[in-house]
Amino acid sequence: MASTVKTDELVFFVNGKKVIEKNADPEMTLLTYLRRKLGLTGSKLGCGEGGCGACTVMVSRYNPSQEKIVHLAVNACLSPVCSLHLAAVTTIEGIGSVTSRIHPIQERIAKAHGSQCGFCTPGIVMSMYTLLRNNTLPTMEEIEEAFQGNLCRCTGYRPILEGMRTFSKSSGCCGALQNGNSCCMKSKETDETDFTSRLFDSSEFKPLDPTQEPIFPPELLMLIQKTSTQVQFQGERVSWIQPNSLSDLLCLKAKHPDAKLVVGNTEVGIEMKFKNMLYPVIIAPNYIPEMTSVLHSEDGIVFGSACTLTVLAETLKKAVSKVPDNKTRVFQAVLAQLKWFAGQQIRNVSGIGGNVMTASPISDLNPVFMAANCKMTIVSKDGKREVRMDDKFFTGYRKTALKPNEILLSIEIPYSRKGQYISAFKQAQRRDDDIAIVTCGMNAIFHESTTIVKDIKLSYGGMAETTVLAKKTCEQLIGKQWNEDLLQEAVYHLAQEITLSPSAPGGMVQYRQTLTLSLFYKFYLTVLQNLANDLMDKNIASSLILPAYASATDAFHKDPISSVQLFQAVPPGQEIDDVVGRPLVHLSALKQATGEAIYCDDMPRFQNELYLALVTSTKAHAKILSIDTTEALKLPGVVCFVSAKDISGSNATGPVFQDETVFADDEVTCIGHIIGAVVADTQEHANRAAKVVNVAYKELSYIITIQEAIAKKSFYEPIRKLEKGNLKKGFEEADHVLEGEIHIGGQEHFYLETHCALAVPKMEEGEIELFVSTQNPHATQSHAAKALGVPSSRVVCRVKRIGGGFGGKETRNSILSTVVAVAANKMKCPVRCMLSRDEDMLVSGGRHPFFGKYKVGFMKTGQVTAVDVSYYSNAGNSIDLSFSIMERALFHMDNVYNIPNIRGLGYVCKTNLPSNTAFRGFGGPQGMITSECWINDVASVCGLPAEEVRRKHMCKEGDITPFNQILNDLTIERCWEECLKNSQYYCLRDQVNEFNRQHRWKKRGLAIIPVKFGISFTVTFLNQAGALVHVYTDGSVLLTHGGTEMGQGLHTKMIQVASKVLKIPVSKIYVSETSTNTVPNTSPTAASVSSDLNGMAVYNACQTILKRLKPYQDKHPDGTWEDWVRAAYFDRVNLSANGFYKIPDIGYDFEKNEGIPFSYFSYGVACSEVEIDCLTGDHKNLHTWIVMDVGNSLNPAIDIGQIEGAFMQGVGLFTLEELRYSPSGYLHTRGPGSYKIPGFGDIPGTLHVSLLREAPNSKAIFCSKAIGEPPLLLATSVFFAIKDAISAARAESNLTGPFRLDSPATPERIRNACADYFTKLIHPQDPQTFTPWAVQV
Ligand SMILES: Cc1cc2nc3c(=O)[nH]c(=O)nc-3n(C[C@H](O)[C@H](O)[C@H](O)COP(=O)(O)OP(=O)(O)OC[C@H]3O[C@@H](n4cnc5c(N)ncnc54)[C@H](O)[C@@H]3O)c2cc1C
Ligand code: FES
Ligand code: FES
């Protein structure tokens, strides 16, 4: 675009301050503008695709037609900065600060322990803030709805909701638990007086005072009233035109037929960012009255196509509340779709026209619009025409019948009539904020006062490349009675008509086809019920709808959550300054809630700083023939290309084995393998250039799945083995021998902060400073040093805090930080890189997928005599930590059970996937869920309750594990009994059985699962830690230790330890960062042991200080801390001390099965109840009770936070999160749009957590216990509850006995396992005859 094109000034307000941008770039998002140009780094980048809410800000606009200011939560990552012209933006910085006035939302989220790593917190605060600006006393439903577009990976959501509940109508109480359970108030009155549930004191919260909120800038109001002309902004590649009238718009569209009309940018933004599309002209129609108007016509409501989905929903809701029910059935169907349409932030900006015109096959609105035959008005410079949304409207994948110069002006949503019934259904992996797997609109019109079909339209999304009408089926049904025969006919024809290729994009072919039938069945029953009501025909109701079948028609509904957390209060005499054991708030929580906490990418930019973008392999296995950077180097701002040639030290790297390269040299071994990197002046320039680096490959054969690796015997050696007893004898003695399998899918860490590194060369002796988001500063330092060819002493790695790690930043970060260091070293200036979410997911690996194969021998009584289990893990293209992970899987192969004869074999598969790595639980979850499978199968075959078989085998004090460790101080039985009692398990079991008797299409399931988790690094030398304590002359204490703060509250706990030892208040102690120049050779912050290890190191360092101060204390017993410190200083006493600790008496030799791998064990038990929808595969987490042994908790709030956060991460692992790879190793699921971690809506309806009382642990600091990982395994209780519910569903089809259910138990797996009449109508294709879209890796 020529630079002579006119460009206007972009004017908007940010936090009350006017911003004038003379060179607004249409390609720049508001988030980039805030963070880079304005230095407002409180809003975070978590995904860049509107899926996580970390970037949420409030946008306020004046709405001239309503004559009011409208406040909307929006995703700054998707809002083009140009769209903000004459708007007011409020960011987290604008509402409160720790240095001035903190906002009540910020205070409450922090003090309710709703912020762990804090990376999600500003976005969550801003969602809540916007809600409260619009509604000062919301209900809990409204609060949960406001959070539909926000994700948190740490907290498990419960504390956030409890904190925000204090603003709601139901504040002050848990909201009352159902099913006869007591409410939170009652639990406080427990007779066990030292047990408490007070994690925070809401009486200390500042009240919300809406009058204190900033007003809409008066100057902006004046500007809006004065402005009436078209504005235009011109960027490097794109121009943005905001016409002021419809005729101007139509002229522009005639002139630029390829121009995009951008309303919410929620499609166009994604296409430009992720699909590499470039649209040189963008037209913004938001201010054209005809495009945003809402008109009530005789036939319905006409919405201008730029009306947002929020306006659509509000208008329809109003109509539904005022107009008779039979007139608003189309509206109700649209509302049903909108309920599950994205999150609030997306609905607030995206337009109806955008949804229609994108013509996505999985659009949620189009099936309803098509079923309702909506009328659309289309205009161009040449005139106007009206068309119906019918089977001719969508002409191909993302294509419509509109001509290039035409636009959609409006859409009329019609009133329904008497005798018309319309429903909409959407099935997705996750309920909240997820794109559909199958979505549909179904509309039946009956001859007056009859049950004879006059017309019917069944429209499906997700079943073809466009939204489709099942025309042939519908034709067959016209004129028929709405009865069982019609049902049979309909599903028969649907199964023939709505089909999918077995290779169809999106996969899940059998499931999607089954859904078309199951959803019709739901519609059939719903209509039947309505007909019975409307025609007052009792015969229809009683003869056709069995009460048990009515459950099929209930729409998915979840009550707001309620919760109870119980823990042991500190003993009555404990001094007030002794904070150990108290629920102290995470010491960074307030800063995190105000956006003032600094993460790696929040660091101010250096003047000469450059940005780096990776060039990665697009092939799973190939020789690199050439790398052509010619085009890339020509692009604006590009400085250089970095590759293996630039490594002055060694290109070989790897955490244990040096089997990786920093840059692929001549061969790539996975898609995502780093080949090189482009360095440029800005992130945008670097990214653009990286995309045009041309790599030529010669493809080689590859292995992607575990099954392929098994077939080709592609294993890293050695095969691991753990054995106890006499397997042969055990099987001989058995009454039954049963074999089974389970595949456990991998898991993406999905820390909210992606990998990030900043390298700053020091220009002297090869010195370089690395600021990295890592759990492993030592490895980061040493790997960079090795690549740069300098001693480690020249490299400093510094970590302030990280926005979540979960194991993903234990080893995998160091490749990126090394690449960045190499680039900085080459350019002799600072270089930064923060991976985008999709890059992060592509290159960094995750939890290992596992395949478990077992053979179990057992007696008729359910007594297990022998177990033989083989584990296969998908390690990917390098070893990384895979052996240790496999070893831990084997350590957990017996879970808590004493099995006399047991053998586990561990095969680490070498494949062409990105190297998989540590992830909370570290192989334990995969090891233990397999053991729960065989114990479940034994119960099923013997017809015994599963909990009875579990209880029967539970280890006892003094039992010996398969790795020959004697179990002492066992608390598992206590946890088990308490969990049974808390959940009233046996009562609940009766209730579940009764529910299942009464419901055919909804089933409930229940499971109680125990967990034992070994604590220690199983690599012995890592069980060491250091700490450094400086006491300054003013009495302030700077504490440093080897652990990194990633939200788990480690620094808080360490300060608690130091405070207790030094006997000074927490406020005198400060942790600034973790760095390799203060505490060297640190072990990674991992394996749950960081509090144990660093806590003891801190303890030792503080003891040294205390000893040195003792003479001065003794001399002046009435003095203050400051007096003693000063006296010691003047006496020339060293007020700096380091501490060191190593776990004694551990060390294990896997080959010999000798020694002690674990310092001790953590125990816990969880009981969960779920409900599944047998027709769709949806499940609801109804209730969970957890009892966890954390020893004497150092900080119950943090420990409960870890339990709940880990539990929900486990719920994601076992029920929701699914990485989908193509057969050639390409990861399809690379962002929150396609990879679903649990959201607010996924937490159990009631969550009851109690910490086991009176359970001191002599092996760790102040008798505490490790907590980071073990509770994740408790989420298997949800998995087995689902399996239990499926068993009940299968029993309806006379299917009994064990069955295979792979993890995660997704809707697809649940539905397919609930075999019934509909599943039988869909015949799976022979797998040998086609290439699937995705494979189980
Ligand atoms: C996180 C996230 C979640 C989502 N969830 C869902 C979901 O649950 N269900 C669902 O169906 N979709 C979903 N989407 C897709 C998207 O939000 C919707 O399709 C939305 O309605 C698009 O509207 P928009 O205004 O943002 O479109 P834009 O990106 O502004 O425009 C989209 C396209 O429509 C064209 N267009 C817009 N208006 C007109 C017009 N009047 N005439 C002609 N062409 C026009 C534009 O030229 C462009 O090609 C999601 C997207 C994101 C990012
Ligand atoms: S960063 Fe904007 S939604 Fe994730
Ligand atoms: S606290 Fe929410 S992502 Fe870490």
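(A) Fine view of the overall build of the protein chain. A count of helices and strands for the protein chain gives 39 helices and 50 strands. For 1337 residues, the compact-globule estimate of 2.2 N^0.38 gives 34 Å, and the C-alpha radius of gyration of the protein chain, at 31 Å, lies within 12% of that figure. If one aligns the C-alpha atoms of the protein chain with their principal axes, the spans along those axes are about 95 × 80 × 65 Å. Sorting the 1337 residues of the protein chain into buried and exposed places 64% on the buried side. The contacts of the protein chain with a sequence gap of at least 6 include a subset with a gap of at least 24, amounting to 78%. For the protein chain, the accessible area works out to roughly 47000 Å², and carbon and sulfur atoms hold 52% of it. Once the 134 positive and 138 negative side-chain charges of the protein chain are each reduced to a mean point, those two points are 2 Å apart.

(B) Fine view of the side chain of Q337. Take Q337: it is sitting in helix α12 (residues 329–339). Judged by relative accessible area, which is 1%, Q337 ranks as buried. Within polar-contact distance, the side chain of Q337 engages the backbone oxygen of D364 at 3.0 Å. Beyond its immediate chain neighbours, meaning those up to four positions away, Q337 contacts D364, L365, V368, A424, F425, K426, T439 and C440.

(C) Geometry of the side chain of T553. Positionally, T553 belongs in the loop between α19 (538–544) and β22 (562–568). By relative accessible area, T553 is classed as buried at 18%. In terms of polar contacts, T553 uses its side chain to reach the side chain of Q529, at 3.3 Å. Contact partners of T553, with chain neighbours within four places excluded, come to K522, L525, T526 and Q529.

(D) Representation of helix α29 (residues 924–942). With 19 residues, α29 should reach 27 Å at 1.5 Å per residue; the first-to-last C-alpha distance of 27 Å fits that figure. The buried fraction of α29 amounts to 17 of the 19 residues, a majority that puts the element mostly inside the structure. Just beyond α29, the residue with positive phi is G943, at close to 65°.

(E) Inspection of the pairing of strand β2 (residues 17–21) at higher detail. Two strands pair when backbone bridges link them, and strand β1 (residues 10–14) and β2 are joined in this way by five bridges, in the antiparallel orientation. Bridging across to β2, F13 finds its partner in K18. If you look at the hairpin formed by β1 and β2, you'll find two residues sitting between the two strands, and N15 has a positive phi there, around 50°.

(F) Representation of the sheet that holds strand β21 (residues 468–469) in the model. Taken in spatial order, the four strands line up as β18-β19-β20-β21 in an open sheet, and their pairing is antiparallel. The outermost strands of the open sheet, each flanked by one partner alone, are β18 (420–428) and β21.

(G) Molecular detail of the nonpolar core. With 328 residues, the main nonpolar core has L458, Y460, W482, F520, F523, L612 and W1121 as its most contacted residues. Looking at this core element by element, the count peaks at 13 residues for helix α18 (residues 509–534). The next biggest cluster of nonpolar side chains, apart from the first, holds 76 residues, and it includes F233, I282, C307 and I346.

(H) Representation of the site of ligand 1 within the structure. If you check the shell around ligand 1, you find 33 residues, and the closest are V263, T266, G351, D364 and L408. G264 is positioned with one of its backbone polar atoms (N or O) 2.9 Å from an oxygen atom of ligand 1. Here an oxygen atom of ligand 1 sits 2.9 Å away from a polar atom, N or O, in the side chain of N355. Contact with the protein chains hides 93% of the accessible area of ligand 1, taken as 980 Å² for the molecule alone. Secondary structure elements with two or more residues in the shell around ligand 1: β9 (260–261), α14 (352–358) and β17 (407–414).

(I) Expanded view of helix α22 (residues 683–691). Taken together, the buried positions of α22 are Q683, H685, A686, R688, A689 and A690. Buried residues along α22 sit in contact with α1 (30–37), β23 (610–616), α21 (630–634), β25 (638–642), β29 (674–680) and β36 (831–834).

(J) Layout of the packing of aromatic side chains. Applying the stated criterion across every chain, the model contains 40 aromatic pairs. Residues Y549 and W1001 carry aromatic rings whose centres are separated by 5.9 Å and whose planes lie at 85° to one another, so their mutual orientation is edge-to-face. Taken together, the residues Y549 in the loop between α19 and β22 and W1001 in the loop between α32 (985–998) and β40 (1002–1015) connect sequence positions 452 residues apart. Taking relative accessible area as the criterion, Y549 reaches 28% and is therefore assigned partly exposed. Taken together, the ring pairs connect Y421, F446, W482, F520, Y521, F523, Y524, Y549, W1001, Y1317 and F1318 into an aromatic cluster. For K327, the ring lying beneath its charged end belongs to Y415, and the centroid distance is 4.2 Å. In this structure, R431 packs its charged tip against the face of W340, placed 5.0 Å from the ring centre.

(K) Representation of the confidence of the model for the protein chain within the structure. On average, residues of the protein chain score 94 in pLDDT, and 97% of them are at 70 or above. Low confidence marks residues 173–190, where pLDDT is under 50. Its contacts with residues over four positions away, or in another chain, come to 32 contacts.

(L) Just the sheet that holds strand β49 (residues 1179–1188), in detail. Taken in spatial order, the six strands of this open sheet run β6-β22-β50-β49-β48-β40, and their pairing is mixed. The strands lining the two open edges of the sheet, one partner per strand, are β6 (195–196) and β40. Sheet topology note: the β40/strand β48 (residues 1160–1173) ladder contains 14 bridges and is antiparallel. Counted as the bridge partner of F1013 is S1162 from β48. Against the sheet, α32 contacts β40, β48 and β49, and its axis sits at roughly 145° relative to β40.

Parameters and conventions
Residues numbered from 1 in each chain as written. Chains lettered and ligands numbered in written order. Predicted model: local features only at pLDDT ≥ 70, side-chain atom pairs only at ≥ 80, totals over all residues. Heavy atoms only, no water. Helix = DSSP H or I, 4+ residues; strand = E, 2+ residues; numbered from the N terminus. Rg over C-alpha atoms; globule rule 2.2 N^0.38 Å. Buried < 20%, exposed > 50% of the residue type's maximum accessible area, 1.4 Å probe, protein only. Contact = heavy atoms within 4.5 Å. Areas by Shrake-Rupley, 256 points an atom, 1.4 Å probe, with all protein chains shown as cover. Lys, Arg positive; Asp, Glu negative; His and termini not counted. Charge placed at Lys NZ, Arg CZ, Asp CG, Glu CD. Polar contact = N/O pair within 3.5 Å; in protein donor to acceptor, adjacent residues only side chain to side chain. Expected span 1.5 Å × (residues − 1). Pairing = 2+ DSSP bridges. Core = buried A, V, L, I, M, F, W, Y, C linked by side-chain atoms within 4.5 Å. Near = heavy atom within 4 Å. Phe/Tyr/Trp six-rings, centres within 6.5 Å; stacked < 30°, edge-to-face > 60°. Lys NZ or Arg CZ within 6 Å of the ring centre and 35° of its normal. pLDDT = per-residue confidence, 0-100. Axes fitted to C-alpha atoms, helices over the stretch in contact; angles between N-to-C directions.

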